[in-house]
Amino acid sequence: YAARSVETVSDRSGSGLCFSLVSYNVLADSLLFSNKDLYPQHNSQYLTWEYRKQRLLREILSLGSEIVCLQEVEQQHFGNHFLPRMRENGYDGVFMGRTGKKTDGCAIFFRSSHFTLVAQQFVEFKRPKVRVLDRDNIALIVRLEAVASDTGHSELLCVACTHLLFNHNRGEMKLAQTMVLMAEVDRMARLKTSDDGKDVMCPIVIAGDFNAQPLCPLYHFIVRGKLLYGDIASRSMDGE
């Protein structure tokens, strides 16, 4: 057992926007039962959706975050469980399912008293005839507007939620998916170009299940915006 940690980060954007965000992979039923071999030590009764659904919701709501990003959400569970229960607790949300025959996807919820939805972008990583982009993973990106009650001044925020490929042997594919993600996030976060030719961007938060370890090459690409990958083996891309 490992306790969850909460990290406070500095506001480097200078926007003064204050909020908390939580990200969870809630383990889709369809993936759980098609990969039971991954959970040999777990009592099967604790893996059922009926056992897990209220406990998941209780854990998520107990954190009191203004924004919640979830991965591996079954499409039917979004509609008949997460969205109605989250709305009862003051949130609204959007969902995007994976392409192909997969039944799970990503969801972003936001507290309605703090944010309104301005725009959303559904990103499909699967591209025809592109070998490193032939899987059904996706990303969901939203632009939210926050209104500060004391000043009435509005702030914009770009939030992305994704779930990258699981396969440890396909690091080049994870990198390609991340490149697409970052390009689409850049597009959503860019507000305008100033008179001096510089892009005006809103603050960005990228959450998700990257199937990667901290400080791996994939992480450095996200943080630095570039990566010399010529000498990096595909299996080493995610650090797993």
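These lines cover the structure that appears in this document, whether it is placed above or below.

**Here's the deal with the sheet that holds strand 5 (residues 115-124)**
Okay, step 1: One open sheet holds the four strands; their spatial order is 5-6-7-10, and the pairing between them is mixed. This sheet does not close on itself; its edge strands, each paired only once, are strand 5 and strand 10 (204-209). Taken over all neighbouring pairs, the strand axes of this sheet differ in orientation by 20 degrees on average, direction set aside.
Okay, step 2: Bridging between strand 5 and strand 6 (residues 138-147) involves nine bridges; their strand directions are antiparallel. What sits directly across from Glu-124, in strand 6, is Ile-138.
Okay, step 3: Across the sheet, helix 4 (residues 171-189) is in contact with strand 5, strand 6, strand 7 (154-163) and strand 10; its angle to strand 6 comes to roughly 25 degrees.

**Section: the packing of helix 2 (residues 49-62) against helix 3 (residues 75-88)**
Packed helix pairs are specified by the crossing angle of their axes together with the interaxial distance, meaning the distance between the axes.
Okay, step 1: Following both chains from N to C, one finds helix 2 and helix 3 inclined at 30 degrees, their axes separated by 11 Å at the closest point. The two elements helix 2 and helix 3 cross, and the hand of that crossing is right-handed. In this structure, helix 2 contributes Trp-49, Lys-53, Gln-54, Leu-57, Ile-60 and Leu-61 to the contact, and helix 3 contributes His-77, His-81, Phe-82, Arg-85 and Met-86.
Okay, step 2: Split into classes, the residues belonging to the contact of helix 2 with helix 3 amount to six nonpolar, three polar and two charged.

Calculation rules
- Residues numbered from 1 in each chain as written.
- Predicted model: local features only at pLDDT ≥ 70, side-chain atom pairs only at ≥ 80, totals over all residues.
- Heavy atoms only, no water.
- Pairing = 2+ DSSP bridges.
- Helix = DSSP H or I, 4+ residues; strand = E, 2+ residues; numbered from the N terminus.
- Axes fitted to C-alpha atoms, helices over the stretch in contact; angles between N-to-C directions.
- Contact = heavy atoms within 4.5 Å.
- Left-handed = near helix turned anticlockwise from the far one by under 90°.
- Nonpolar A, V, L, I, M, F, W, Y, C, P; charged D, E, K, R; others polar.

By themselves, these observations are geometric and do not establish any function.
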